[in-house]
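# Descriptive structure summary
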Amino acid sequence: MLVLLILHLVAALVAPLLVRWWGPRACYPLALAPAAAFGWALARTPAVAHGGAVVETYPWIGQLGLDIALRVTTLSWLMTLLVGGVGALVLVYSARYFDAGSPGMAQVAAVLVAFAGAMLVLVFADDLLLLYVGWELTTIFSYLLIGHSTERRASRWAAAQALTVTTLGGLAMLVGFILLGEHAGSYRWSEIAAHPLPGGGYLVTAVLLILAGALSKSAVLPFSSWLPVAMAAPTPVSAYLHAAAMVKAGVYLVGLLAPVLATVGPWRPLVLSAGVATMLVAGWAALRQNDLKLLLAYGTVSQLGLLVAVTGSGTPDAALAGTAMLLAHALFKAALFLVVGVIDHGAGTRDLRELSGLRRWSRPLFVVAVLAAASMAGVPPLVGFVAKEAVFAAFTSDPVVLAGLVAGTVLTVAYSARFLWGAFADRPGVEPVPPAPVAASMLLPPAVLAVVGLLAGPAAGVLDGLLSPYAELLGTLDAHLTLWPGPTAALGLSVLALAGGILLFALRGPLAPALARLRSPVGGNQGYEWVVGRFDRFAIGVTGATQRGSLPQYLGIILVTLVLLPGGAMLVAAPWRARLPLWDNPLQPVVVVVIAVAALLAVGARRRLTAMLLVGVTGYGTAMLFILHGAPDLALTQFLVETATIAVFVLVLRRLPQRFSARPLRRSRWTRRAIGVAMGVVAGGLALVAAGARRAPDISTVFPALAVGEGYGRNVVNVTLVDIRAWDTMGEVSVLVVAATGVASLIFERSRTGPRPRRPESAAAGTLGSDRPVWLRGGPTLYEEQRSIVLEVVTRLIFHTVVLFSLFLLFSGHNAPGGGFSGGLVAGLALVVRYLAGGRYELTDAAPVGAGLILGAGLALAVGTGAVALLAGGSVLESAKLDVSLPLVGDVHLVTSLFFDIGVYLIVIGLLLDILRSLGAEVDRHIEATGTESGGLAIDKGGRP
């Protein structure tokens, strides 16, 4: 199973490249990924046919007890078949649906494959938290697919609405999962289902939150509005996400949990009432639609209500009927969406008022549509009839729910007939659509789905044997799937529903006024807009009341709160240590005095540069304290970070006045100083309290042994960063990448990956008309008063040495002070010196690559190191030692965490390079373009100095 997930990931990553080479035809090889999942599930049929399970477990985050636990049983096996089979057919269909050169084709292909992989994560997951990961991945990928046409406001709005509704539901579901997992003592669903759960309000709360997520994902009332709006997506996307995959996730979750949670108080009433109401309301809305795709969308919402009601009812007969309907719905609804895509692609419209004579346009397409629509209406001998019979039979003892299901089926028959009539009937006064050939690759996928729906009906006995193990989890079956049930009440209700639906369709003319008037006074989309608008107004009101645009005010409120609450609690509890040594080294108080004096002077400084330098003194003083305390790694990092920070400050201060403003007033200055002193006292006190409050053994005492035994290094600090606490480092470097992206997006007017600045030809010649020697090629592009020959000479002499020193820190950091972070800072500072000496053109020569490329390569290398360890059978980011004997070198002991450290090294370099290009080179370009600051390039329009 893990191999299938990796296959989808690889296919998604290479999809843009394949589309660039082959255009839409790249969808053919990409279809092999979901096809492999279909084939895998088909091959595992004997393993799950009698209630068995296919299980794979891989260690993931051992400290949290979280593994990649994958488990396939009957229900997840069925979902894998649908996700893989329909996904492969949709990709084959997309190869002809999209034209060569279609904008965003590469993104659609990549995200479709990635979405298929995310759905597999969801249905494979045995751990509830892993299931949530797959759940949210499908939400993100569906957002990208629905908003494919970014130039259209409707697409952007639809994508945002789908993301908002399903994400809020998913967050509620996550809280429910946490409550359920803590309540049961495990997050493994197989373990939770094997033992009875203690009842009570805690479990009821968890169930309600989980159902909120499931109902929002499957567009069940009151969360139905997002799915019809999502029809802004391309038709293949709708066929996959909204017929066979994404919207089935909620139904799958309800079916997965029902054997255990269906008896919990609110489960059954909520599922049945919401499901039946959705079936009726959406079915009635489908009868009013003139857009064929919208008709199918509302029909999908109606059928999802049916599926949720049936699979969640908690009886074995209903569970069997629900799985049969799950299969039937995926087959006929995906086929019908693809048929609409063919019509739209060939006729140029989906409006049934503008279509006429399509049954003569393509008779095979007409036959496919008839088969799929007949299955949706429940006409024998199609699988839709078998599933509908099973549904009616399962609810014969519940007349209220049964009446609602029959009424919903009447509406289903009516809008199925409306679909066929609207798409293929002759319409007086409407010009017939001219015949046009339909590509085989567009006709084949819906034809396969329709034919499978036709063959699955007579094979009801086989389906019964395959799907019964899931239903038997809820008890003993009284009914079975069959094509001919005999003269039963369910058969009579089916005949009644077919007759009622045909009659309702036949009376569409006289009933048109009633259809137009009988609707909710507030539509679902209007309700969503109203709620979002009220939230926006509330947010604006809160922001206006609390955010006054004063940074000192915000900081003052935060700091005063910290002083009063934690500080007050500290004074009340008085958890002081009896004896506290004032210092461990007599030099420490000297350094502390220097830090304190620098801090006081910084507060009173009137010049920004002076204040910045004094703040830097406090940073360097802190590094000295690290040295005196015996922490050379921390001291080295602190020195480098402080130096890099000063360089960034210098870049920013160029655009600010030299002096601070006359404000704040004298009184407010003393208030701020008082707050600062109080906060310093409280922070120091809290540090002492935290250090003296430890009762458990210090976990860091075992780090030296772990560093040598597990991380294969003697530098405990570096081994902790790249091995023992590598997950923390992974999160931190991810934040660095996000920060770099944020800085660049705020500064750059153009893409930061665009063309880098080119040096003027006269400057590139070497001397720019001067007889002076050129130490740095970017130096001559600066004004003479800005140049420093001494700085250029020193930079030329030390640059390569500094870069080599950074590599030394990188490679020696596992056993000596250093590491990827320190080495990256040193290399970044070398680039800073190069920029300060020669300007933005010199920076381009020093680093002729994009910062984004370096950041991405570093993050990919860091993540890839963890993935390789997982594939090798270990934990994520687990280190291994490789002993290699090299000629002329000797024995080399290589630790795999070095590659993770190299990733950190690249990320730090990329971050500093991004800052230099944005706050440095890009600001220089702004200055040159606007002339808002003296200095810059001494180049006229002719390229001469």
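Look a little higher up for the structure.
What you are looking at is a predicted structure, and each value in this text was computed from that prediction instead of being measured.

Another point: unusual backbone geometry. The omega torsion across L221 and P222 is 5°, close enough to zero to call that bond cis. As for its position among the elements, P222 is in the loop between α10 (201-217) and α11 (226-229). Omega for the peptide link from P380 to P381 comes to 5°, which places this bond in the cis form. Phi angles above zero are rare outside glycine, and A219 is one such case at about 55°. In this structure A219 comes out as buried when scored by relative accessible area, which is 0%. Despite not being glycine, Y712 shows a phi value in the positive range, around 60°. If you trace the backbone, Y712 turns up in the loop between α31 (703-709) and α32 (716-724). Taking the relative accessible area as the measure of exposure, Y712 reaches 31% and is therefore partly exposed.

With that out of the way, let us pick up a nonpolar patch on the surface. There is a patch of nonpolar side chains on the surface, built from I6, L9, V10, L13 and V14 and spanning about 420 Å² of accessible area. In this fold, V10 is placed in helix α1 (residues 2-22).

Turning to helix α6 (residues 105-124), a few remarks are in order. Here α6 contains 20 residues, and its C-alpha end-to-end distance of 29 Å stays within 8% of the 28 Å for a straight helix at 1.5 Å per residue. Among the 20 residues of α6, 18 are classified as buried, and the element is accordingly described as predominantly covered.

Turning next to the packing of aromatic side chains. Taken as a whole and judged by the stated rule, the model has nine aromatic pairs. On the numbers, 6.3 Å between centres and 20° between planes, the contact of F805 with F808 is stacked. Of the two residues, F805 and F808 both sit in helix α35 (residues 789-812), three residues apart, roughly one turn of that helix. Through a chain of ring-to-ring contacts, the aromatic side chains of Y93, Y97 and F98 assemble into a single cluster. Over the face of the ring belonging to F799 we find R834, whose NZ or CZ atom lies 4.6 Å from the ring centre.

According to the stated counting rule, one finds six salt bridges in the structure shown. Taking the shortest distance from any N to any O, the salt bridge between D291 and R350 comes out at 3.1 Å. One end of the pair, D291, is in the loop between α14 (267-286) and α15 (292-311); the other, R350, is in the loop between α16 (316-347) and α17 (358-361), with 59 residues separating them in the sequence. Among the salt bridges present, the one from D351 reaches R353, with a minimum N-O distance of 2.8 Å. Residue class for D351 comes out buried when judged on its relative accessible area of 15%. What you see here is one network of salt bridges that share partners, running through D291, D344 and R350.

Between helix α3 (residues 32-43) and helix α5 (residues 74-97), the shortest axis-to-axis distance is 7 Å and the interhelical angle comes to 145°. Of the two possible hands of crossing, α3 and α5 adopt the one that is left-handed. Residues P34, A35, A37, F38, A41 and L42 of α3 touch α5, and the partners they reach there are W77, T80, L81, V83, G84, G85, G87, A88 and L91. Taken together, the residues of the contact of α3 with α5 sort by class into eleven nonpolar, four polar and no charged.

Structurally, F366 is set in helix α18 (residues 363-377). Look at F366 and you get partly exposed, because its relative accessible area is 26%. With 359 residues separating them in the primary sequence, F366 and L7 have C-alpha atoms 36 Å apart. Other than its neighbours up to four places away in sequence, F366 contacts R359 and F424.

The contact between helix α19 (residues 383-394) and helix α20 (residues 399-424) brings their axes to 9 Å, and the two run at 155°. Classified by the angle their axes make, α19 and α20 are roughly antiparallel. The hand of the α19/α20 crossing is left-handed. Contacts between α19 and α20 involve K388, V391 and F392 on the former and, on the latter, L402, L405, V406 and T409.

Reading the values: the criteria
- Throughout, residues of each chain are indexed from 1 in the direction in which the sequence is written.
- pLDDT decides what is reported in this predicted model: residues at 70 or higher carry local features, side-chain atom pairs at 80 or more are listed and counted, and totals for whole chains, interfaces and linings draw on all residues regardless.
- Based on all heavy atoms of the structure, the side-chain values leave hydrogens and waters out of the count.
- The secondary structure listing takes helices from DSSP runs of H or I that are at least 4 residues long and strands from runs of E that are at least 2 residues long, numbered from the N terminus.
- Only protein chains enter the accessibility calculation, which uses a 1.4 Å probe; a residue is then buried when its area is under 20% of its type maximum, exposed when over 50%, and partly exposed in between.
- Nonpolar side chains (Val, Leu, Ile, Met, Phe, Trp, Tyr) are joined into patches within 5 Å and like charges within 9 Å, using only residues with over 30% relative accessible area and no salt bridge.
- Exposure was quantified through the Shrake-Rupley algorithm and a 1.4 Å probe, taking into account, for residues, occlusion by the shown protein chains and nothing else.
- By definition, a salt bridge exists where a carboxyl oxygen of Asp or Glu is found within 4 Å of a side-chain nitrogen of Lys or Arg.
- To estimate the expected span of a helix, count its residues, drop one, and scale the result by 1.5 Å.
- Geometry of aromatic contacts follows a simple scheme: Phe, Tyr and Trp rings, the Trp one being its six-membered ring, pair when their centres are within 6.5 Å, and the pair is stacked under 30 degrees between planes, edge-to-face over 60, tilted otherwise.
- Ring-over charges, as used throughout, are those where CZ of Arg or NZ of Lys falls within 6 Å of the ring centre and within 35 degrees of the ring normal.
- Orientation is described by lines fitted to C-alpha atoms, with helices fitted over the stretch in contact, and by angles between N-to-C directions that extend from 0 to 180 degrees.
- What makes a crossing left-handed is the near helix being turned counterclockwise from the far one by less than a right angle; a clockwise turn instead makes it right-handed.
- When checking whether two residues touch, look at their non-hydrogen atoms; a contact exists if any pair is within 4.5 Å.
- Any residue outside Ala, Val, Leu, Ile, Met, Phe, Trp, Tyr, Cys, Pro, Asp, Glu, Lys and Arg is labelled polar, Gly included; the first ten of those are nonpolar and the last four are charged.
- Oblique is the label for every angle not falling under 35 degrees (roughly parallel), over 145 degrees (roughly antiparallel), or within 65 to 115 degrees (roughly perpendicular).

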